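Residue-level listing of the chains:
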Amino acid sequence: FHLPGFVGRIGRAIAQRRLRASCAAVWGIGEWAVEGYRREFGDRLFLNVPYFRDLSRYLAIPREATREGPTRFLFSGDLSRRKGVDLLGEAFLELSRAGVEARLSLLGDGEWRADLQRRLAPLGDRVAFLGFRQWSELPDLYASHDALCAPSRHDGWGLIVPEGLAAGMPVIATRAMGAARDLVDVANGWICPPDDSAALAEAMAACAALDGPARRAMIVAGREAARRVDLPAGVERFHDAVERTLVHAARGR
């Protein structure tokens, strides 16, 4: 998997020779994964079966489109390079230098916490390090923020994306996240290139400038997108994938 180019392809071909010789269907967690598997395994049945979650606690959050005060951005995840938290720190510094009224909360912990605290110290109470919180506390934290930032350099799926959308939050993510590719568009958020703090800062500034009607439209569109990976939709999608896979297998035999 980690070896690039020709060497990696040969290694995977050897390790996966039984699968490649079969007609087995392949389920990918998101369309991005399906695209990769299609390049790897060629002609067979491929199905997009992403992660699903009970989003009812987030969909139930009351969300007002019109509000006063600084825009409150939330990051949730490991404070690590892979999650792009350093890029978010740079983007928020740029946002503050531009005079945008905003706050940033970092939910989670990790190896880069001390460095981020040092770099963001000049911003004072505009940045809050929330540390680790229990799963039961998450809906209240989402409810107290306006937008979700998910600047990952790589994330195979990323469950925080549908959580944020279900909570009525515009989502700022990167195209290196499977969930963002499947669920985020101009109607409910922004997709930035990975490793680009300037693009993140631009998206955050645009989010902070939303007026009431624009924010209301994003809330509605985000929740509609999130329902595609809520549990009721997941049950139907899983059932359909099983049926199609069994038909495919019977034809193969």
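Residues numbered from 1 in each chain as written. Predicted model: local features only at pLDDT ≥ 70, side-chain atom pairs only at ≥ 80, totals over all residues. Heavy atoms only, no water.

**Looking at the sheet that holds strand β8 (residues 189–192)**
Just so we agree on the cut-off: DSSP bridges decide pairing: two strands pair if at least two such bridges lie between them. A run of H or I in DSSP counts as a helix once it spans at least four residues, and a run of E counts as a strand once it spans at least two, with each numbered from the N terminus. Every angle, taken between N-to-C directions, lies between 0 and 180 degrees, and every axis is a line fitted to C-alpha atoms, over only the stretch in contact when it is a helix. Any two residues whose heavy atoms approach within 4.5 Å at even a single point are treated as in contact.
Read from one edge to the other, the open sheet built from six strands follows the order β5-β4-β3-β6-β7-β8, with strand pairing classed as parallel. Both edges of this open sheet fall to β5 (127–131) and β8, since each of them pairs with a single strand only. Ignoring which end each strand starts from, the neighbouring axes of this sheet average 20° apart. Pairing of strand β7 (residues 171–174) with β8 involves four bridges; the strand directions are parallel. Each residue of the ladder has a partner; that of Val 171, found in β8, is Gly 189. Sheet contacts for helix α6 (residues 113–120): β4 (102–107) and β5; angle to β5, the most-contacted strand, approximately 165°.

**Comments concerning helix α11 (residues 212–226)**
Selection rule: Expected helix span is computed as 1.5 Å times (number of residues minus one). Polar contacts, as used here, are pairs of N or O atoms within 3.5 Å; protein pairs need one atom able to donate a hydrogen and one able to accept it. Residues neighboring in sequence count only if both atoms are side-chain atoms.
In this model, α11 (15 residues) spans 21 Å end to end at C-alpha, consistent with the 21 Å of a helix rising 1.5 Å per residue. Put simply, Asp 211 is the residue that caps the front of α11, since its side-chain oxygen is 2.9 Å from the backbone nitrogen of Ala 214.

**Side note on the side chain of Ser 80**
Here is the rule: Relative accessibility decides the category of a residue: with a 1.4 Å probe and only protein chains considered, values under 20% of the type maximum give buried, values over 50% give exposed, and everything between is partly exposed.
Inspection of the secondary structure puts Ser 80 in the loop between β3 (71–76) and α5 (85–97). Note on Ser 80: relative accessible area 13%, which makes it buried. Excluding its chain neighbours within four sequence positions, the residues that come into contact with Ser 80 are Val 85, Glu 111 and Trp 112.

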